[in-house]
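# Breakdown of the fold
One-letter residues, chain by chain:
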Amino acid sequence: MIVLEPREHFFSTLIGLELQKELLKKMWESAQLPHTLLFAGPPLVGKRSLAFALSKYINCDTARAKTTTCTCRSCTLISRGIHPDIFVVEPTGATQTIQIDQLREVQEIANIAPIEARRKIIIFMNAEQMNPSAANSALKLLEEPPSYLLLILVSPQPHRLLPTVKSRCTQITLTPSTEEEIERWLIENLDISDVTARLASAFSAGIPGMALELARRNYIGRRDLLLRELDYLLNSGFPALFSVADELAKRFNKKEITELLLGWFRDILVSQYYPESPELLINKDAVNDIERLAQHYSPHALFKAIKELLATHTLTQRIINKRLLPLVLFLRLGKSLKTT
Ligand SMILES: [Zn+2]
């Protein structure tokens with residue numbers, strides 16, 4: 001499995017937090033979910049992930065998100081950060097504060113009923129960073145939110161919120177998991193070695209996000225993430241190119257993209273020429289996928305793809321714009337792989 005971004009999470013993919021999840025489920029199912037929630041807890045404990053998982057739980061088209069992962073329209077849009085009814089407010093600028101202009105926009109958004117969701121949801125990240133005028137403006141909304149609206153304040157330092165703001169919210173405190181829980185979770189969900197899992201959990205202080213930071217340097221997880229984006233692009237065509245490039249620019253450094261892909265396409269080519277020698281592969285854990293792709297692509301397409309990768313690899317030092325590299329690379333790669 002791959003390392004998930006907060007917005008890609010479901011209740012079922014979140015480690016620990018059983019009590020918090022149960023409570024939220026019960027409140028929603030019994031129509032008692034408050035319109036204003038505060039998710040508090042140490043950094044990287046899963047507050048953002050829980051906010052997005054709850055958004056899916058509430059708005060899933062099929063109800064699958066209540067028990068497992070889901071790829072319905074609503075869940076997919078939330079996962080990709082483009083759902084028309086789910087908004088995220090982040091601190092901005094040099095001072096890293098949430099400012100009054102942002103709250104004006106929030107007010108406008110809040111006044112319009114959701115387009116397709118059961119609940120329109122506005123998530124305030126690092127809500128303690130609201131400056132006083134923004135906080136006062138937020139207070140008005142928190143006092144009388146429209147019935148279709150759910151406001152989620154996310155904060156690692158809830159004591160820094162205005163008391164009037166805090167008292168308007170139902171606080172849910174997220175607590176760290178045990179080291180053993182984290183270790184087991186890493187091994188079961190991330191396909192990483194026992195040794196890496198042990199190391200990552202030992203240094204995580206029970207904080208899943210911290211364990212992930214350590215474990216995500218893991219090669220397999222990074223590779224699968226990259227391949228998933230490539231798959232998405234090949235299936236969705238040109239319109240997906242920009243969102244894929246953005247995603248990659250955010251998550252990878254430039255060299256890493258070409259290195260991981262070179263290893264991958266090299267293996268597919270090796271598998272075409274030496275199908276009886278899987279021991280020659282770098283990506284030994286993915287023999288089946290590689291063999292399948294070796295059947296799928298023509299040798300000509302693979303040579304072209306590798307040539308493009310090598311050419312881009314030498315460019316990584318010179319292309320300054322982080323987003324440009326994956327854009328150019330994937331455009332060329334997509335074309336090459338379509339060669340017969
Ligand atoms: Zn769904």
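Before any of the text, the structure's been laid out above.
Structure report, in brief. (Residues numbered from 1 in each chain as written. Predicted model: local features only at pLDDT ≥ 70, side-chain atom pairs only at ≥ 80, totals over all residues. Heavy atoms only, no water.)

### Observations concerning helix H5 (residues 132–143)
For clarity, the threshold we go by: Strands here are runs of E lasting at least two residues and helices are runs of H or I lasting at least four, both read from the DSSP assignment and numbered beginning at the N terminus. The length a helix should cover is 1.5 Å for every residue beyond the first. Three exposure classes are used, based on accessible area relative to the maximum for each residue type with a 1.4 Å probe and protein chains only: buried under 20%, partly exposed in between, and exposed over 50%.
Relative to the 16 Å expected for 12 residues at 1.5 Å per residue, H5 spans 16 Å between its end C-alpha atoms, a close match to the ideal helical length. Turning to H5, its buried residues are Ala-134, Ala-135, Ser-137, Ala-138, Leu-139, Leu-141 and Leu-142.

### Quick word on the side chain of Glu-128
The test is simple: We score Asp and Glu as negative and Lys and Arg as positive, and we do not count His or the chain ends. A side-chain nitrogen of Lys or Arg and a carboxyl oxygen of Asp or Glu constitute a salt bridge if their distance falls within 4 Å. The contact definition used throughout considers only heavy atoms, calling two residues in contact when any of these lie within 4.5 Å.
Along the polypeptide, Glu-128 turns up in the loop between strand S3 (120–124) and H5. It is Arg-160 that comes nearest to the buried, bridge-free Glu-128 among opposite-charge side chains, at 4.5 Å. Non-local contacts of Glu-128, meaning those with residues more than four positions away in its chain, are made with Val-154, Ser-155, Pro-156, Gln-157, Arg-160 and Leu-161.

### Thoughts on helix H14 (residues 299–315)
To be explicit about the condition: Regarding the arc, it is the one traced by the directions from the helix axis to the C-beta atoms.
End to end, H14 covers 24 Å across 17 residues, agreeing with the expected 24 Å (1.5 Å per residue, within 8%). Ala-301, Leu-302, Ala-305, Ile-306, Leu-309 and Thr-312 are the residues of H14 that are buried. An end-on view of H14 places all buried positions within 130 degrees of arc, on one side of the element. Exposed side of H14, more than 90 degrees from the buried face: Lys-307 and Thr-314 are the residues found there. For H14, the elements touching its buried residues are helix H12 (254–273) and helix H15 (324–337).

### Re the packing of aromatic side chains
For clarity, the cut-off: Between the rings of Phe, Tyr and Trp (Trp by its six-membered ring), a pair exists once the centres lie within 6.5 Å; its type follows the angle of the planes, with under 30 degrees stacked, over 60 edge-to-face, and the other angles tilted. By the criterion adopted, a ring carries a charge over it if an Arg CZ or a Lys NZ lies within 6 Å of its centre and within 35 degrees of its normal.
Under the counting rule described, the total for this entry stands at one aromatic pair. With a centroid separation of 5.1 Å and an interplanar angle of 35 degrees, the aromatic rings of Phe-11 and Tyr-57 are classed as tilted. A residue pair is termed long-range when its members are at least 10 positions apart, and Phe-11 in the segment before helix H1 (18–29) and Tyr-57 in helix H2 (residues 47–59) qualify at 46 residues. This pair shows no difference in class: Phe-11 is buried, exactly as Tyr-57 is. Taking the ring centre of Phe-10 as reference, the NZ or CZ of Lys-56 above it sits at 4.1 Å. Arg-80 extends its terminal NZ or CZ atom over the ring of Tyr-232, reaching a point 3.8 Å from the ring centre.

### Regarding the packing of helix H7 (residues 179–190) against helix H9 (residues 208–215)
How we decide: Orientation is described by axes fitted as lines to C-alpha atoms, over the contacting stretch for helices, and by angles from 0 to 180 degrees between their N-to-C directions. Oblique is the label for every angle not falling under 35 degrees (roughly parallel), over 145 degrees (roughly antiparallel), or within 65 to 115 degrees (roughly perpendicular). Crossing chirality is assigned from the near helix's rotation relative to the far helix, an anticlockwise turn below a right angle marking it left-handed and a clockwise turn marking it right-handed. Polarity classes work like this: nonpolar for Ala, Val, Leu, Ile, Met, Phe, Trp, Tyr, Cys and Pro, charged for Asp, Glu, Lys and Arg, and polar for all others, with Gly in that last group.
For the pair H7 and H9, interaxial distance at closest approach is 11 Å and the crossing angle is 50 degrees. If you check the angle between H7 and H9, you find them oblique. Note on packing geometry: the crossing formed by H7 with H9 is right-handed. Contact residues: Ile-182, Trp-185, Leu-186 and Leu-190 in H7; Pro-208, Ala-211, Leu-212 and Ala-215 in H9. Within the contact of H7 with H9, the residues separate by chemical class into eight nonpolar, no polar and no charged.

### What to know about the coordination of the zinc ion
The test is simple: We call an atom a donor if it is N, O or S and sits within 2.8 Å of the metal, or 3.2 Å for Na, K and Ca. Water is not counted, so some sites may look partial. Angle rules define the geometry names used: all angles between 85 and 135 degrees makes four donors tetrahedral, while opposite donors over 155 degrees apart and all other angles between 65 and 115 make four donors square planar and six octahedral, leaving every other case irregular.
Every protein donor of the zinc ion is listed here as Cys-60 (SG), Cys-70 (SG), Cys-72 (SG) and Cys-75 (SG), and their distances to the metal cover 2.3 Å. The site at the zinc ion holds four donor atoms, and with the angles between them running 104 to 115 degrees, its shape is tetrahedral. For the zinc ion, the single-chain donor residues occur in sequence as C-x9-C-x1-C-x2-C. Among the residues examined, Cys-70 registers a relative accessible area of 6% and is labelled buried.

### Regarding the side chain of Gln-129
Mapping Gln-129 onto the fold places it in the loop between S3 and H5. When its relative accessible area of 17% is taken as the criterion, Gln-129 is described as buried. In contact with Gln-129, not counting residues within four places along its chain, are Pro-91, Thr-95, Gln-96, Thr-97, Ile-98 and Arg-160.

Read these as geometric descriptors, not functional statements.
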